[in-house]
Amino acid sequence: MYLKQNFSLRHFLLLSAVHFCFSLSCASQQTMDTSLFKPGASPRLISRQFSFTEGPATDREGNVFFTDQPNNTIWKYGTDGKLQLFMDSAGRANGLYFDAAGNLVACADEENQLWQIDKAGKVTVLLKDHKRKRLNGPNDVWVHPNGDLYFTDPYYQRPYWTRKAPDLEAQDVYYLPKGKAEAVVAVKGLKQPNGIIGTPDGKWLYVADIADNKTYRYAIKKDGSLGEGALFVAMGSDGMTLDERGNLYLTGKGVTVFNSSGQQIAQIPVPEKWTANITFGGRQRNQLFITASQAFYVLDMNVKGAK
């Protein structure tokens, strides 16, 4: 959609909302599941004061934390509707996820580490390398119900790094058992793994290979290793989440929703160039929070996040 440069932000958002409703209408004639959304709902802008938003994660109360990686900060959007800075000097955090104890696990790629951040902002480094070589740059992380961690480690050259090439030969997915200081490779052979999420029962793991435009599903074994990956959909993703029905939400150009069989059932347009990540939050976990380029959005849903 072409917009003249002198259009105001209000006009842009209005047109985006109309485009959203039109897209829902068109999609409903095909595979659109309109029961996912509140009637007439469209992504609502919370704020556009950031450089690049990423890694939303929800705590027990439904508050949503997300990162502004270029500005090295983590923000909190409370269930009271207040937006406030949670942490600066945040290790250039990218993906986030809460563990069972209420600590925030962060992919801190300033020094290519995994961090644990408590409620007071105290940092514990969980992982700093792999076999004495720097990780590429942990990007997204999921915490298994038993406390084990799975994270993706693609290489994206950062302007704040002094190095110009990776120390590791491959871009892999790693498994870090709870309480251990050494991670093991869980998935090899992907081009550039990025988004990652597991099911609440701890049985399945989804991983997006964004460079190969594919998303895979893996069975999680009792020892923490993964079974052979099966192609779930021919679409990559920056970030992802699951709802209570088992639908998988992928990002990139807006948000694309697939049911548990891999059939596309919805497309949510977002009025930004790139949608990076998503999570369900709010007191009832029935709001979809979207980090997209310089902005942070929320969409009212009829479904709740997986739990």
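Residues numbered from 1 in each chain as written. Predicted model: local features only at pLDDT ≥ 70, side-chain atom pairs only at ≥ 80, totals over all residues. Heavy atoms only, no water.

Let's talk about the packing of aromatic side chains
Line of reasoning, step 1. A complete count under the given rule lists 16 aromatic pairs for this structure.
Line of reasoning, step 2. On the numbers, 6.4 Å between centres and 45° between planes, the contact of Y216 with Y218 is tilted.
Line of reasoning, step 3. Note on Y216: relative accessible area 16%, which makes it buried.
Line of reasoning, step 4. What links up through ring pairs into an aromatic cluster is the set F50, F66, W75, Y77, F289 and F296.
Line of reasoning, step 5. The ring of W204 has R217 sitting right over it, with the charged end atom 5.5 Å from the ring centre. (Phe/Tyr/Trp six-rings, centres within 6.5 Å; stacked < 30°, edge-to-face > 60°. Buried < 20%, exposed > 50% of the residue type's maximum accessible area, 1.4 Å probe, protein only. Lys NZ or Arg CZ within 6 Å of the ring centre and 35° of its normal.)

Description of the pattern of salt bridges
Line of reasoning, step 1. The tally for this structure, following the rule as stated, stands at 7 salt bridges.
Line of reasoning, step 2. Linking D212 and K191 is a salt bridge whose minimum nitrogen-to-oxygen distance equals 3.4 Å. Of this pair, D212 sits in the loop between β15 (204-209) and β16 (214-219) while K191 sits in the loop between β13 (184-187) and β14 (193-198), and the two are 21 residues apart along the sequence.
Line of reasoning, step 3. For K191, a relative accessible area of 52% gives the class exposed.
Line of reasoning, step 4. Linking D212 and K214 is a salt bridge whose minimum nitrogen-to-oxygen distance equals 3.3 Å. (Salt bridge = Lys/Arg side-chain N within 4 Å of Asp/Glu carboxyl O. Helix = DSSP H or I, 4+ residues; strand = E, 2+ residues; numbered from the N terminus.)

Focus on unusual backbone geometry
Line of reasoning, step 1. Even without being glycine, R92 reaches a positive phi, approximately 55°.
Line of reasoning, step 2. Take R92: it is sitting in the loop between β5 (83-88) and β6 (93-98).
Line of reasoning, step 3. Positive phi is not limited to glycine here, since N112 has a value of about 60°.
Line of reasoning, step 4. Within the element layout of this structure, N112 appears in the loop between β7 (104-108) and β8 (113-117).
Line of reasoning, step 5. Its relative accessible area of 3% is what places N112 among the buried residues.

Structural notes on the confidence of the model for the chain
Line of reasoning, step 1. With 90% of its residues at a pLDDT of 70 or more, the chain has an overall mean of 91.
Line of reasoning, step 2. Across residues 1-30, where pLDDT falls below 50, the model places 28 contacts with residues more than four positions away in sequence or in other chains. (pLDDT = per-residue confidence, 0-100. Contact = heavy atoms within 4.5 Å.)

A closer look at the nonpolar core
Line of reasoning, step 1. If you look at the biggest cluster of nonpolar residues, it comprises 24 residues, and the most contacted ones within it are Y150, L205 and L248.
Line of reasoning, step 2. Looking at which element gives the most residues to this core, the answer is β15, with 4 residues.
Line of reasoning, step 3. Leave out the neighbours within four places in its chain, and L205 touches W142, Y150, I196, I197, G198, Y216, R217, Y218, I220 and L226.
Line of reasoning, step 4. F37, V255, A292 and V303 belong to the second-largest nonpolar core, a separate cluster that totals 21 residues. (Core = buried A, V, L, I, M, F, W, Y, C linked by side-chain atoms within 4.5 Å.)

Focus on the side chain of N194
Line of reasoning, step 1. Take N194: it is sitting in strand β14.
Line of reasoning, step 2. Within the structure, the side chain of N194 is placed 2.8 Å from the side chain of Y156, a separation counted as a polar contact. (Polar contact = N/O pair within 3.5 Å; in protein donor to acceptor, adjacent residues only side chain to side chain.)

A short note on the pairing of strand β21 (residues 264-268)
Line of reasoning, step 1. In this structure, strand β20 (residues 254-258) lies alongside β21, joined through 4 bridges in antiparallel fashion. Its bridge partner lying in β21, V257 is registered against A266.
Line of reasoning, step 2. Hairpin connection, β20 to β21: the antiparallel pair is bridged by 5 residues, and G262 has positive phi, about 85°. (Pairing = 2+ DSSP bridges.)

Side note on the sheet that holds strand β11 (residues 149-152)
Line of reasoning, step 1. If you trace the 4 strands from one edge of the open sheet to the other, you get β10-β11-β12-β13, paired in antiparallel fashion. Both edges of this open sheet fall to β10 (140-143) and β13, since each of them pairs with a single strand only. Across the sheet, the mean angle separating the axes of adjacent strands is 30° when strand polarity is ignored.
Line of reasoning, step 2. Pairing geometry for β10 and β11, over 4 bridges, is antiparallel. Directly across from V141, in β11, lies its bridge partner F151. (Axes fitted to C-alpha atoms, helices over the stretch in contact; angles between N-to-C directions.)

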